[in-house]
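# Structure assessment
What follows is the residue order along each chain.
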Amino acid sequence: MTAQYDAPSYDAIVLGAGAAGLMCAAVAGQRGRRVLLIDHADEVGKKILISGGGRCNFTNLGAGPGNYHSQNPHFAKSALSRYTPRDFLDLVERYGIAWHEKTLGQLFCDGPARQIVDMLLAECRAGAVEIACGAAITEITHADGLFHVTAGGRMAKAPALVLATGGPSIPKMGATGFAYDVARQFGLKVVQPRPALVPLTLAGGDALFTDLSGVSADVLVRAGKQTFREAALFTHRGLSGPAILQISSYWHHGEAIGVNFLPDRAPGWLLAAKLAHPKAGLRRLLREALPERLATALCEQLGVEGELGAQTNARLSAAESRLADWRFQPNGTEGYAKAEVTAGGISTADLSSKTLEARRVPGLFAIGEAVDVTGWLGGYNFQWAWASAHAAAQAI
Ligand SMILES: Cc1cc2nc3c(=O)[nH]c(=O)nc-3n(C[C@H](O)[C@H](O)[C@H](O)COP(=O)(O)OP(=O)(O)OC[C@H]3O[C@@H](n4cnc5c(N)ncnc54)[C@H](O)[C@@H]3O)c2cc1C
């Protein structure tokens, strides 16, 4: 696909042929709108292709506003309620794409993620969408109710312009903060973007744990009031795994996160163990619930050696409390290079939650990851891309 589009006038120009842009262009096209979809990459939907480990976790059956964060937690409600996970699943099934539920409502393709991209391209064809790939966008202007876009050396104009160029996570795949620049050009505010669903890095005393690289455990992790119960993984740089990626979206620089290494143990379990097994050592007890290397490291850090019966109750209570809320002080994240999404983005305060249209710039829309709506890990981000795209397409 190249930047070959011949007509200068369209009903809508969609910038970014990722998840949201493909969906929006297809739906608007099928509603009879003449749509031009422009991307600077040489092929469409690159993030879809690598998503979900190549199997694309394309939605989550439980997706609702509570699975997203944004400066306005209510903003996503309207779009999510009007295009549901079932709606996207109906589309997937119409194309005969085999799928399975992995866990926690997460739906994946049985086969390659390419099937989702091919489906969206077929939907675009059904809407007679013109697609221009490999087209660097050099200028956007707005005059007399029309947006003029110069890309790949050609100019096109339309009364509607949709920003669907995502966020800057994984720059080596062509991700940019372009949507923010265009939003600012038109006077829209941008909530400070930051890497999210990203591994956290450790330094100082916490760095001792990097010796545990490769060890994982089922934990309950906490940042502020938000908690997630999933696997955490120690890495040579710090912490990763689903629990950590999830909590990273809620973590802010300078804050500690709390990890409960024994989320199934009732309060008082260690004093009860002392009574029941006074000859046992803490290390042995921890090994029953945790990988051996982790149990050993925790025991060393706690400094509780020897038989439980020889420990004071106060010491054991303190050890139990620490195991239930082990504080790590991350010194950063692995950054956009490793972030599955970008939190923050175009401020929802400047957009209509019903149509995703800019309140003060008629005809300008922003959808998908470019907007300050960020989903949890597990298919929620694609569901926001589909739903916000669908909402905008109804208004074009
Ligand atoms: C490794 C990885 C795995 C993921 N797995 C999942 C998953 O399984 N489930 C899930 O729900 N989410 C997943 N995500 C998140 C999901 O991919 C994104 O939230 C989603 O793709 C956002 O859709 P979007 O259309 O807004 O942006 P994108 O899909 O990123 O699309 C943006 C498009 O804009 C184009 N673009 C960027 N800048 C410019 C520019 N200057 N000019 C022209 N075009 C431009 C890009 O080339 C791209 O095609 C994953 C992300 C990553 C990085």
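Scroll up to find the structure.
We now turn to the structure provided with this report. Only a predicted model underlies this, so the values are computations on that prediction, with no experimental measurement involved. (Residues numbered from 1 in each chain as written. Predicted model: local features only at pLDDT ≥ 70, side-chain atom pairs only at ≥ 80, totals over all residues. Heavy atoms only, no water.)

## Examining the site of the ligand
Taken together, 29 residues are adjacent to the ligand, and A20, D39, T176, E369 and F382 come closest. In the model, an oxygen atom of the ligand is placed 2.8 Å from a nitrogen or oxygen of the A20 main chain. Relative to its unbound accessible surface of 1,000 Å², the ligand loses 92% to contact with the protein. A breakdown of the residues in the shell around the ligand according to their chemical character gives 12 nonpolar, 13 polar and 4 charged. (Near = heavy atom within 4 Å. Polar contact = N/O pair within 3.5 Å; in protein donor to acceptor, adjacent residues only side chain to side chain. Areas by Shrake-Rupley, 256 points an atom, 1.4 Å probe, with all protein chains shown as cover. Nonpolar A, V, L, I, M, F, W, Y, C, P; charged D, E, K, R; others polar.)

## Focus on empty space enclosed by the protein
Throughout the structure, instances matching the rule amount to 1 cavity of 30 Å³ or more. Estimates place the volume of the largest cavity at around 40 Å³. Along its surface, the largest cavity is lined by V219, A232, L233, F234, L239, I244, V259, F261 and F328. If one sorts the elements of the lining of the largest cavity by residue count, strand β15 (residues 226–234) sits on top with 3 residues. (1 Å grid on protein atoms, 1.4 Å probe; cavity = no way out; pocket = protein on both sides within 12 Å on 5 of 7 lines; lining within 4 Å. Points joined across faces, edges and corners; volume = space filled by probe spheres on them. Helix = DSSP H or I, 4+ residues; strand = E, 2+ residues; numbered from the N terminus.)

## Thoughts on the packing of aromatic side chains
Any aromatic ring pair is given by two values, namely how distant the centres are and how the planes are angled relative to each other. Tallied over the full model, the rule gives 12 aromatic pairs. Measuring from centroid to centroid gives 6.0 Å for F261 and W326, while their planes differ by 75 degrees, and the two rings are edge-to-face. Separated by 65 residues along the polypeptide, F261 in the loop between β17 (257–260) and α8 (269–276) and W326 in strand β18 (residues 326–328) bring together distant segments of the chain. The two residues F261 and W326 agree in class, both being buried. Ring centres 5.4 Å apart and planes at 15 degrees place the aromatic pair F382 and W386 in the stacked group. Of the two residues, F382 and W386 are both situated in helix α12 (residues 380–395); the distance of 4 residues between them amounts to about one turn of the helix. Take F382 and W386: they sit in the same class, and that class is buried. Three or more aromatic residues joined by ring pairs form one cluster here, namely Y68, F228, Y250, W376 and Y380. R34 extends its terminal NZ or CZ atom over the ring of Y10, reaching a point 5.3 Å from the ring centre. Against the face of F108 rests K102, its NZ or CZ located 4.8 Å from the ring centre. (Phe/Tyr/Trp six-rings, centres within 6.5 Å; stacked < 30°, edge-to-face > 60°. Buried < 20%, exposed > 50% of the residue type's maximum accessible area, 1.4 Å probe, protein only. Lys NZ or Arg CZ within 6 Å of the ring centre and 35° of its normal.)

## A few points about the side chain of Q383
Structurally, the position occupied by Q383 is in helix α12. A polar contact of 3.4 Å, which involves the side chain of Q383, links it to the backbone oxygen of T84.

## What about the pattern of salt bridges?
One pass over the full model with this rule turns up 18 salt bridges. Notably, a salt bridge pairs D181 with R184, separated by 3.8 Å at the nearest N-O pair. On the criterion of helical spacing, the pair formed by D181 and R184 is a turn pair, its members being 3 residues apart in helix α6 (residues 178–185). Note that R229 and D264 form a salt bridge whose closest N and O atoms lie 3.0 Å from each other. A residue pair is termed long-range when its members are at least 10 positions apart, and R229 in strand β15 and D264 in the loop between β17 and α8 qualify at 35 residues. Owing to a relative accessible area of 64%, D264 belongs among the exposed residues under this scheme. Beyond isolated ion pairs, a larger network of salt bridges with shared partners links E43, R114 and D118. (Salt bridge = Lys/Arg side-chain N within 4 Å of Asp/Glu carboxyl O.)

## Quick look at unusual backbone geometry
We note that C56 has phi near 50 degrees; this positive angle belongs to a residue other than glycine. Inspection of the secondary structure puts C56 in the loop between α2 (46–50) and β3 (57–60). Here the phi dihedral of D144 falls at roughly 55 degrees; this positive angle occurs in a residue that is not glycine. Along the chain, D144 falls in the loop between β8 (137–143) and β9 (146–151).

## Quick look at the pairing of strand β14 (residues 216–223)
Burial along β14 is one-sided: the face carrying A217, V219, V221 and A223 is buried and the face carrying S216, D218, L220 and R222 is not. Here β14 pairs with β15 via 8 bridges, running antiparallel. Across the sheet, L220 pairs through a bridge with R229, a residue of β15. Hairpin remark: β14 followed by β15, antiparallel, with 2 residues in the connecting loop; positive phi at G224, about 60 degrees. Across 3 bridges, the pairing between β14 and β17 is antiparallel. Paired with R222 across the bridge in β17 is G258. (Pairing = 2+ DSSP bridges.)

## Here we look at the nonpolar core
In terms of nonpolar packing, the biggest core is built from 134 residues, with I116, I257 and F261 touching the most fellow members. When residues in this core are grouped by element, the largest group, 10 residues, is from α12. Apart from residues no more than four positions distant in its own chain, F261 is found in contact with D218, V219, F234, L290, L294, L298, L323, W326 and F328. Counting 6 residues, the second-largest nonpolar core is a separate cluster that includes A196, L197, L245 and L377. (Core = buried A, V, L, I, M, F, W, Y, C linked by side-chain atoms within 4.5 Å. Contact = heavy atoms within 4.5 Å.)

## Quick word on the packing of α8 against helix α9 (residues 282–289)
In the contact formed by α8 and α9, the axes pass within 12 Å of each other and the chain directions differ by 120 degrees. With respect to α9, the element α8 is oriented oblique. For the element pair α8 and α9, the recorded crossing hand is right-handed. Between α8, through W269, L270 and A273, and α9, the contact on the second element is made entirely by L282, L285 and L286. Of the residues assigned to the contact of α8 with α9, the class counts are 6 nonpolar, no polar and no charged. (Axes fitted to C-alpha atoms, helices over the stretch in contact; angles between N-to-C directions. Parallel < 35°, antiparallel > 145°, perpendicular 65-115°, else oblique. Left-handed = near helix turned anticlockwise from the far one by under 90°.)

Structural measurements only, silent on function.
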